[in-house]
Structure formats: structure tokens, C-alpha cells
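# Structure at a glance
Letter by letter, the chains look like this.
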Amino acid sequence: MFKYIIKIQPLGLMYGSAGAFLSPDNLVGLSGRKFPPDAATLSGLFLSASKSQPAVWEELRQNLHVAGPFWAICKKPGDEEYFYVPLPRHKILSKDENSEDCADEWQLVKNKWKRVSEQNSDLLEKAEIGESDYIWQRIDCWDDSPQDMLNQKGSLAKTPWMYMPILHPAMQDSERTVKAKDGLFVEYAVQMPDDTCLVYLSNYELEDGWYQFGGENHIVEISSLKLVDGSPILELLNRPIQRACALITPGVWGSNSLSYRYPKPSKSTPKHLEFPAKCCPKMLTDKAVPYRYRSGHGETTAEERKPGRLSRGRYAVPAGTVYVFKKPLNRLWWDFPGDWFPEAKSVERAKLVNQQKPNEKHSLLKKMGCGLCLPIKIDGVD
């Protein structure tokens, strides 16, 4: 189980682009923005920081689990424990034309999704509110109703970081001057407020200090906070999922060839470990999001430095997605079988590894926190 909160404090701007960026030929802007960095980035940092210790590196490679990204307001020590996670989609919290907060909620009535406002004449006027303006909620308010969260200051939040265009110079190798050709290009950077930080979960501690983090290797300050008994996140993670749950990280399900909205176990999976997919779970979700990360170390030659390999591109179910099962699942995310997650390697490579180590589970995507979910309560669901 997760034992540490990894706090990451940017020391300046961070670049939020991942592949897509602005250039003189492409000034459209924010279509390729991606921030904060995925848990895979932190996983790579763990391995990179321990590469001088082979025994530690091998232990982390086999057992390291991380999850995120989340964020927190860190005005005083200990605030990182009360971090913000994506708001479950069955809760709708918005502002009307008069800038007043409005609360609504999805519930199951006769096995069909209905809005609470549609069933209550006093709230009928507010039935027109659409998607939530608030997309983050504090972890210790996970079980609160939408109306209770509106009444509790700090339980809801919007995205705190801002995107801003930066003129990025490409310098010559031998002189402190900009290259004559393509020496300047525009890129979007991310600015976080000084009293906020990124938060990830991990089952190992990362030594406190300054590190290079993210695609542009910007300097950040990292510290590890040990989770103690009674912590809100530990209480939630140790609560078995019954008939309903919500993702707080993107869920990558399916096979190496196809992506699905829920796990598709292999034919070799025992019946008692199968995901209840025959009676398709009811869902509240949004369109799928691309999921890809860089794996391996780049090669450096006398002429150039080659980047690391890109993983197989997939589609993920977005964070906040709600699942409702016909029967209780009665298990923790930590107990999800490796067969519920697709292989991170190619099909040929996975077959070769399974032949060499048939009893070893290769759920790299689970090790990076994919599909981390918490139990929720929905009206109409026992």
C-alpha cells in the first residue's frame, strides 16, 4: 500500500507541452498542453536517482508503485496530506449567471441516471447547470455531499496553475548567441502559485532535495511525507469498493491492440478474479484521453543524444469516471489482478518474458497508478 506523499515544489516555471508545442508554423496554442506530469515521470525519477545503487534500483524496478498527479495548498507543514483529487462525475458543482454556487447530483432511479434537481421541484430551476465548474475536491471531503462541500470553505477548487507563452531561445553551441535559423520559438509554460505544490503517492521514500523533473528537466524541490495511521488517504484506500467507485487517476484498460472502458481479463483469468463485465457496469464518464509516456534511457553519441523510447500509445478513461456494479466488487484497488491491466510491453516481448518467468505478473501500468479508484456513495445504490 502507499506509504508516502511525494511533494514536488517547482522552483520557477515548468513546461507543460508533451510532444505538441508551438513553432513559427504552428501558433494554434493550447491543443497539445499536458500538465501536470504523469506518475510515470516520477517513477523514472526514482529509478534515475538510484542508478548508482544496483540493489536499490532492482528493488524499485520490481516493487515501486506510484500514483498521481494531484496537488495541494501548502501554506504550512502537513497541508500536503490534504491534497486535491479529481471530482467524481456524479457530483455537479457550478456557478449560475448570478455567480451563485449551485449543487446537483446524479442518482440512480429505477436503474436509470437522473439528476436530483429533476426529482425536486425546489431545485428544478437549477436543472440547467451543466458540467462542473469545480473539478477538484479535497481528499478529506471525499464522502461529503455536493451541498456540504459548498458550505465548507476550501473543499472545492479549480485548476490553480496557468499557461503562459514563453519565447524560447535555442543557443549556439560555441557562443552565447541565438542560432540564426530557428533560434527562437514560442512554447507554453506553466506557472503554479507559490503556495501550491504537486503531490504523488508512493510506497517508497525519495530522498529530499532538488531534482530535474519533467520533459524540460526544470529544477524542483522534492520532499517525502510519511503517511501515518489515521491519514484520510490511508482510510479511503483501505476501504473495500462495493457497488460504486470513482477514478482519481486515468484508467488504462483493454489489451495491447484495443482500449476499453473497463478491464477485459484474459482467457486464463480464473472466474473469481474476473472483472464483472458480463453485466456491463453503469458509468458516468467523458471522452477518452491519450495516454503515453517515455520509457528507457536515451543514448548519447558523439554526434547527438537520442531520446528514450516512447511507450505504446493508448486511450485512457479520464479521472473522475464513475462505475456502478450490479454486485459488490468487495476488493481494494491494490488487490486488482495484473490481468486487468494491459501489458506495457509489446505482445512479442510479453510472450517471451512470460515464458521465462511464468509466475511473475507484469502490470507496469498498475505500478504507475493507472485506474486508482476510491469507493463512493450514490443515491439509489445499496
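See above for the structure.
Definitions and limits used
- Residues numbered from 1 in each chain as written.
- Predicted model: local features only at pLDDT ≥ 70, side-chain atom pairs only at ≥ 80, totals over all residues.
- Heavy atoms only, no water.
- Helix = DSSP H or I, 4+ residues; strand = E, 2+ residues; numbered from the N terminus.
- Buried < 20%, exposed > 50% of the residue type's maximum accessible area, 1.4 Å probe, protein only.
- Contact = heavy atoms within 4.5 Å.
- Salt bridge = Lys/Arg side-chain N within 4 Å of Asp/Glu carboxyl O.
- Phe/Tyr/Trp six-rings, centres within 6.5 Å; stacked < 30°, edge-to-face > 60°.
- Lys NZ or Arg CZ within 6 Å of the ring centre and 35° of its normal.
- Pairing = 2+ DSSP bridges.
- Axes fitted to C-alpha atoms, helices over the stretch in contact; angles between N-to-C directions.
- Core = buried A, V, L, I, M, F, W, Y, C linked by side-chain atoms within 4.5 Å.
- Lys, Arg positive; Asp, Glu negative; His and termini not counted.

### Section: the overall build of the chain
In terms of regular secondary structure, the chain is built from 7 helices and 24 strands. Evaluated residue by residue, the chain yields a buried proportion of 44% over its 382 residues. Excluding contacts between residues fewer than 6 apart, the proportion of contacts in the chain whose partners are at least 24 apart in sequence is 72%.

### Observations regarding the pattern of salt bridges
Applying the stated criterion across every chain yields a total of 8 salt bridges. Put simply, Lys76 and Asp79 hold a salt bridge, and the shortest N to O gap is 3.3 Å. A salt bridge links Asp286 to Arg89; its shortest N-O distance comes to 3.9 Å. Of this pair, Asp286 sits in the loop between β18 (282–284) and β19 (289–291) while Arg89 is found in the loop between β4 (84–86) and β5 (91–95), placing the two residues 197 residues apart along the sequence. Asp286 sits in the partly exposed class, given a relative accessible area of 44%. You can call Arg89 partly exposed: its relative accessible area is 24%.

### Comments concerning the packing of aromatic side chains
All chains considered together, the criterion is met by 15 aromatic pairs. When the centroid spacing of 5.2 Å and the interplanar angle of 85° are considered together, the rings of Phe2 and Trp334 count as edge-to-face. One end of the pair, Phe2, is in the segment before β1 (4–10); the other, Trp334, is in the loop between β23 (322–324) and α6 (347–356), with 332 residues separating them in the sequence. Both rings, one in Phe275 and one in Trp340, keep their centres 5.1 Å apart while their planes meet at 90°; by these two values the pair is edge-to-face. Highlighted residues: Phe275 in the loop between β17 (259–260) and β18 and Trp340 in the loop between β23 and α6, separated in sequence by 65 residues. In this structure, Phe275 and Trp340 share a single accessibility class: buried. A connected cluster of aromatic rings, assembled from ring pairs, spans Tyr262, Phe275, Tyr323, Phe325, Phe336 and Trp340. For the cation-ring pair, Arg115 lies above Trp106, with the distance from its terminal atom to the ring centre recorded as 5.4 Å. In this arrangement the basic side chain of Lys158 is found over the ring face of Tyr134, its NZ or CZ atom lying 5.8 Å from the centre.

### Focus: the sheet that holds β23
An order of β18-β23-β15-β24 is seen for the 4 strands of this open sheet, with the pairing classed as antiparallel. Of all strands in the sheet, those bounded by a partner on one side alone are β18 and β24 (373–375). In this sheet, adjacent strand axes meet at a mean angle of 25° when their direction is disregarded.

### Notes on the pairing of β1
The buried fraction of β1 is high, at 7 of 7 residues. Of the two faces of β1, the one lined by Tyr4, Ile6, Ile8 and Pro10 and the one lined by Ile5, Lys7 and Gln9 are each fully buried. Sheet analysis places β1 next to strand β14 (residues 218–226), joined by 7 bridges and oriented antiparallel. Paired with Gln9 across the two strands is Glu221, which belongs to β14. Relative to strand β12 (residues 196–202), β1 is paired through 5 bridges, and the arrangement is antiparallel. By the bridge assignment, Ile6 is partnered in β12 with Tyr200.

### Looking at the environment of Tyr163
On the secondary structure map, Tyr163 appears in strand β10 (residues 162–169). For the pair Tyr163 and Glu187, spaced 24 residues apart in sequence, the C-alpha to C-alpha distance is 9.9 Å.

### Looking at the nonpolar core
Within the largest apolar cluster, 56 residues are counted, with the highest numbers of intra-cluster contacts made by Phe83, Leu201, Tyr323 and Leu372. Dropping the residues within four chain positions of it, Tyr323 is found in contact with Arg243, Ala244, Cys245, Leu247, Trp253, Arg261, Tyr262, Pro281, Lys282, Met283 and Val317.

### Remarks on helix α1 (residues 39–49)
Of the residues making up α1, those classed as buried are Ala39, Ala40, Leu42, Ser43, Leu45, Phe46 and Leu47. Structurally, α1 contributes buried residues whose contacts are with β1, α2 (54–63), β3 (66–73), β12, β13 (209–213) and β14.

### Brief notes about the side chain of Lys366
Mapped onto the fold, Lys366 is located in helix α7 (residues 364–367). Buried charge Lys366 goes without a salt bridge, the closest partner of opposite sign being Asp335 at 6.4 Å. Beyond its immediate chain neighbours, meaning those up to four positions away, Lys366 contacts His65, Trp333, Trp334, Asp335, Phe336 and Phe341.

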